[in-house]
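# Inside the fold
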Amino acid sequence: MDGSDDGKLWLPGHALNCYEGSTALRSWLLTPGLLTQRIREAAGTDYRMTLVAARDDGAAGHVREIEMCRGEVVWMFARTTVPRATLEAHRWLATLGTTTLGEAMQAHGSRVTRSEFDYAKLYDDVTVVRRALERAGLAPQPLWVRRSVFTVDGLPLSLQEVFLPQIGTPAG
């Protein structure tokens, strides 16, 4: 168990209807573009974004993990991996702090592109899912993950967003 998502079945968005019966969850998974604004609006004054980790990962580059919550309930966990070459050209990617990746990317405008989303329902043998479950205090279970690749001046970085079971649920 190496914790990677290599060899897993990744789906395009149009295939989700066949694999996810919950229209509410599909709606969250298929949110176009930045998830941050939708989570902020749904969570209201209980919105919270926490920087979980930001660390150098040797030759692999830089890894950053965040969670977005309604109060203490984790709705989404995300991991950004910035390869060394991208990091060397764009040091600011290692100093985002509590600024969301999407907002930082928007600030850099036309130099940034984003791939289409891919989706997979993954188990806790994949590191990002295991970390999300640990942070949320949940028992092992499969979770939907959305991934995409940003490029900044042609240099890539990857984003994996894990959707926790309570995403979008009202307080109470």
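Residues numbered from 1 in each chain as written. Predicted model: local features only at pLDDT ≥ 70, side-chain atom pairs only at ≥ 80, totals over all residues. Heavy atoms only, no water.

### Some points on the pairing of strand β4 (residues 73-82)
Operational definition: Only protein chains enter the area calculation, which uses a 1.4 Å probe; residues under 20% of their type maximum are buried, those over 50% are exposed, and those in between are partly exposed. The numbering of helices and of strands both runs from the N terminus, where a helix is a DSSP run of H or I of at least 4 residues and a strand a run of E of at least 2. In this description, strands pair whenever DSSP reports at least two bridges between them.
Along β4, eight of the 10 residues are buried, which leaves the element largely enclosed by surrounding structure. The antiparallel hairpin formed by strand β3 (residues 62-70) and β4 contains two residues in its connecting segment, where G71 sits at a positive phi of about 65 degrees. In this structure, β4 lies alongside strand β8 (residues 155-163), joined through six bridges in antiparallel fashion. Within β8, the position partnered with M76 by the bridge is F163.

### As for unusual backbone geometry
In the Ramachandran plot, D153 falls in the positive-phi region, its phi being about 55 degrees despite a non-glycine side chain. Checked against the element boundaries, D153 lands in the loop between β7 (143-152) and β8. Assessed through its relative accessible area of 44%, D153 is described here as partly exposed.

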